[in-house]
Amino acid sequence: MSRTDVLGEEFQRQREVLKRVGATLKAAEIPFALAGGYAVWTRGGPESTHDVDFVLPRSLAEKAVQVLLENGMDAVAAPEDWLVKVGRDTVVVDLIHRLPTGPVDEDLLGRCDELPVDSVTMPVMSATDLIVSRMLALSEHACDLSPILGCGRALREQIDWRLVRQEAKRSPFAQSAVGLLDALDIAGGGGDA
């Protein structure tokens, strides 16, 4: 089997699990949104090659896990304190309750758009929140700019660059990322526009 076939099968498994989790959380009326690479993909970026991410309030994380376990998902241990995990068919799903911007709350979920993800319509994080979260996650130990460049380039017309520049002031790494996006003429005209 070629690498392309293996990747195609993995993408299909990820999408099926993504849809199952989204549909289950919707049916349980748990507020959530698609996040991470698959949110970027839904908004027009490249398909995620990592895992499936959702955001939801911390107060609902355990309820979400219980509902998902009752609907065919498997428990997955999470050593981090900002998320819980479930999985199915080798696909891991992160249920994130705290982003680098702070706790997942009604304001963040209110900025989401209802978008079709394959055959399931669900809330998807805003392009601005996606790139700000990625930029504020940068540190001296994790400074890979390629996901930010890809997200910025693919979603540039959907991003509020003024707000991104404002939020980037919270981190020298985020400021550097904005500087690079400006230099590459990705960030909507550069400067403080």
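See the structure shown above.
Per chain, the residues get numbers from 1 upward, laid out in the order the sequence is written. Predicted model: local features are reported for residues with pLDDT of at least 70 only, side-chain atom pairs are reported and counted for 80 or more only, and whole-chain, interface and lining totals are derived from all residues. As a rule here, side-chain values come from all non-hydrogen atoms in the structure, and water together with hydrogens is ignored.

A.B. asks: In this structure, what is going on with the overall build of the chain? I would like to understand it.
C.D. replies: Numbering of helices and strands runs from the N terminus, with a helix taken as a DSSP run of H or I at least four residues long and a strand as a DSSP run of E at least two residues long. Counting its regular elements, the chain contains eight helices and nine strands. Radius of gyration: over C-alpha atoms. The globule rule applied is 2.2 Å multiplied by the number of residues raised to the 0.38 power. The C-alpha atoms of the chain give a radius of gyration of 17 Å, which matches the 16 Å a tight globule of 193 residues would have. Each residue's exposure class comes from its accessible area (1.4 Å probe, protein chains only) as a fraction of the maximum for that residue type: buried when under 20%, exposed when over 50%, partly exposed otherwise. In the chain, which comprises 193 residues, the share counted as buried stands at 47%. What sets the accessible areas is the Shrake-Rupley method with a 1.4 Å probe; for residues, cover comes only from the shown protein chains. Surface summary for the chain: the accessible area is close to 9,700 Å², and the carbon and sulfur share equals 51%. With 20 positive and 30 negative side-chain charges, the chain shows a spacing of 2 Å between the two charge centroids. We treat Lys and Arg as the positive residues and Asp and Glu as the negative residues; His and chain ends play no part in the count. For the purpose of locating charges, the reference atoms are NZ of Lys, CZ of Arg, CG of Asp and CD of Glu.

A.B. asks: I keep staring at the nonpolar core and nothing clicks. Help me out?
C.D. replies: In summary, soluble globular proteins display a tendency toward joint burial of nonpolar side chains. Residues Phe 54, Val 55 and Met 135 are the most contacted members of the largest nonpolar core, which totals 60 residues. The two domains that each donate at least three residues to this core are domain 1 (1-125) and domain 2 (126-192). We call two residues in contact whenever any of their non-hydrogen atoms come within 4.5 Å of each other. Look past the residues within four positions of Met 135 in its chain and what remains in contact with it is Ile 148, Val 164, Ala 168, Ala 174, Ala 177, Val 178 and Leu 181. The definition of a nonpolar core used throughout is a set of buried Ala, Val, Leu, Ile, Met, Phe, Trp, Tyr and Cys residues joined through side-chain atoms within 4.5 Å. All domain edges in this entry derive from an automatic or database-based domain assignment.

A.B. asks: What exactly am I supposed to notice about the pattern of salt bridges here?
C.D. replies: Once their charged atoms are close, side chains differing in charge can pair, the charge on each being opposite to the other. Salt bridge, as applied in this entry: a Lys or Arg side-chain nitrogen positioned within 4 Å of an Asp or Glu carboxyl oxygen. All chains considered together, the criterion is met by 13 salt bridges. In this structure, the salt-bridge partner of Arg 13 is Glu 10, at a minimum N-O distance of 2.5 Å. Taken as a pair, Arg 13 and Glu 10 lie in helix α1 (residues 3-27) at a separation of three residues, close to a single helical turn. Looking at Arg 13, the relative accessible area reads 30%, which means it is partly exposed. What emerges from the salt-bridge pattern is a single network uniting Glu 16, Lys 19 and Asp 118.

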